[in-house]
Amino acid sequence: MTDVTPWSEVGELLGEATLETLYMVLVATVLAVLGGLPLGVLLHLTSPVGLNPKPVLNKVLGVVVDVVRSVPFVVLLVVLASFTRLLIGTSIGSSAVIVPLTIGAIPFFARLTQNALREVGFTVVEAAITTGSSRLRIVWTVLLGEARAALVGAVGVTAVALIGYAAMAGAIGGGGLGTTAIQDGYQGYDDRVLYGSVVVLGLLAFAMQLITDRTAKLVDRRRTAVG
């Protein structure tokens, strides 16, 4: 029978694992936004309702995005193991997991971005066109400006999804709370560590969603105008 880990050691273990998880999630979220935002803008611009419709390009981009999104993250971890090892020298550990996390999150955030831009009223875009604004200015000030609250919300949805993905990575030694829950908790027959990890993961997801929801309300132009 395995000895139960003292609560003081459980707290220390979970603290270190939480920092690793936050590191993976925050870095992957930033990289996903940097890669997914321009991709989402391009998807919207080349769509039939965009400023520069290009059906063939839009179709190709859409297929690539949907194919990557459809791959389960655990499978993506395995498929990208060689690429990750080539890129950073190892395929295990918190830094290594950032690679598949980012690649899996970019198309996810791109679709969220496209959906957010699609909700921007056509009359607002049309007004900008009639004033002679350049396409770049319309994208930056009108599309992204009007959709900023939805985009902040998309960041929150992506970050929460990445918390779950990072936990899955624990199955192959990805580090963080996932590895702690599986190796120290489940395989070590330690319920304190196992359920403690689950609770902390839930609190992280709740806190991330709460922060982004509050931020979205602060930057929402419609709420500001009403106020």
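Just so we're clear, the structure is a prediction, and the values are computed from it rather than from any experiment. (Residues numbered from 1 in each chain as written. Predicted model: local features only at pLDDT ≥ 70, side-chain atom pairs only at ≥ 80, totals over all residues. Heavy atoms only, no water.)

Some points on the packing of helix α1 (residues 7–45) against helix α2 (residues 55–70)
At a minimum axis separation of 9 Å, α1 and α2 run at an interaxial angle of 140 degrees. Considering their axes alone, α1 and α2 lie oblique with respect to each other. The crossing of α1 and α2 is left-handed. On the side of α1, the interface is formed by L39, L42 and L43, while α2 contributes N58, L61, G62 and V65. Within the contact of α1 with α2, the residues separate by chemical class into five nonpolar, two polar and no charged. (Axes fitted to C-alpha atoms, helices over the stretch in contact; angles between N-to-C directions. Helix = DSSP H or I, 4+ residues; strand = E, 2+ residues; numbered from the N terminus. Parallel < 35°, antiparallel > 145°, perpendicular 65-115°, else oblique. Left-handed = near helix turned anticlockwise from the far one by under 90°. Contact = heavy atoms within 4.5 Å. Nonpolar A, V, L, I, M, F, W, Y, C, P; charged D, E, K, R; others polar.)

Examining the pattern of salt bridges
All chains considered together, the criterion is met by two salt bridges. For D66, the salt bridge identified is with R69, shortest N-O distance 3.4 Å. On the criterion of helical spacing, the pair formed by D66 and R69 is a turn pair, its members being three residues apart in helix α2. Residue D66 is classed as partly exposed on the basis of its relative accessible area of 33%. A salt bridge links D66 to R111; the shortest N-O distance between them is 3.1 Å. Within this pair, whereas D66 is found in helix α2, its partner R111 is found in helix α5 (residues 94–118), the two being separated by 45 residues in sequence. (Salt bridge = Lys/Arg side-chain N within 4 Å of Asp/Glu carboxyl O. Buried < 20%, exposed > 50% of the residue type's maximum accessible area, 1.4 Å probe, protein only.)

Considerations on the nonpolar core
Ranked by size, the top nonpolar core spans 28 residues in total, and within it M24, V25, F73, L101, L162, I163 and L177 carry the most contacts. For this core, the secondary-structure elements that each account for two or more residues are α1, α3 (73–79), α5, α8 (148–168) and α10 (191–219). Sorting elements by how many residues they give to this core places α1 first, with seven residues. The next biggest cluster of nonpolar side chains, apart from the first, holds 14 residues, and it includes A116, L117, L143 and A147. (Core = buried A, V, L, I, M, F, W, Y, C linked by side-chain atoms within 4.5 Å.)

Overview of the packing of α5 against α8
Each packed pair of helices is defined by two parameters, the angle between the axes and the distance between the axes. Relative to each other, α5 and α8 sit at 155 degrees, their axes nearing to 10 Å. Relative to α8, the element α5 lies roughly antiparallel. When you trace α5 past α8, the crossing you get is right-handed. Contacts from L101, A105, F108, F109, L112, T113 and A116 of α5 reach α8 at A150, L151, A154, V155, V157, T158, A161, L162, Y165 and A166. A class-by-class count of the residues in the contact of α5 with α8 yields 15 nonpolar, two polar and no charged.

Here we look at the UniProt feature "transmembrane region" (unreviewed entry) in the protein chain
Under the UniProt annotation, "transmembrane region" (unreviewed entry) lies at residues 22–45, 57–80, 86–110, 149–173 and 193–212. When the span residues 149–173 is considered, its composition is 80% helix and 0% strand, and the gap between its end C-alpha atoms is 36 Å. (UniProt positions renumbered as here; feature names shortened; annotations may be inferred.)

Notes on the packing of aromatic side chains
In the structure shown here, the tally under the stated rule is one aromatic pair. When the ring of F73 is compared with that of Y165, the centres are 4.9 Å apart and the planes differ by 10 degrees; the resulting orientation is stacked. Placement of the pair is F73 in helix α3 and Y165 in helix α8, with a sequence separation of 92 residues. (Phe/Tyr/Trp six-rings, centres within 6.5 Å; stacked < 30°, edge-to-face > 60°.)

A word on unusual backbone geometry
With a phi close to 55 degrees, Y189 is a non-glycine residue in the positive phi region. Secondary-structure assignment places Y189 in the loop between α9 (176–186) and α10.

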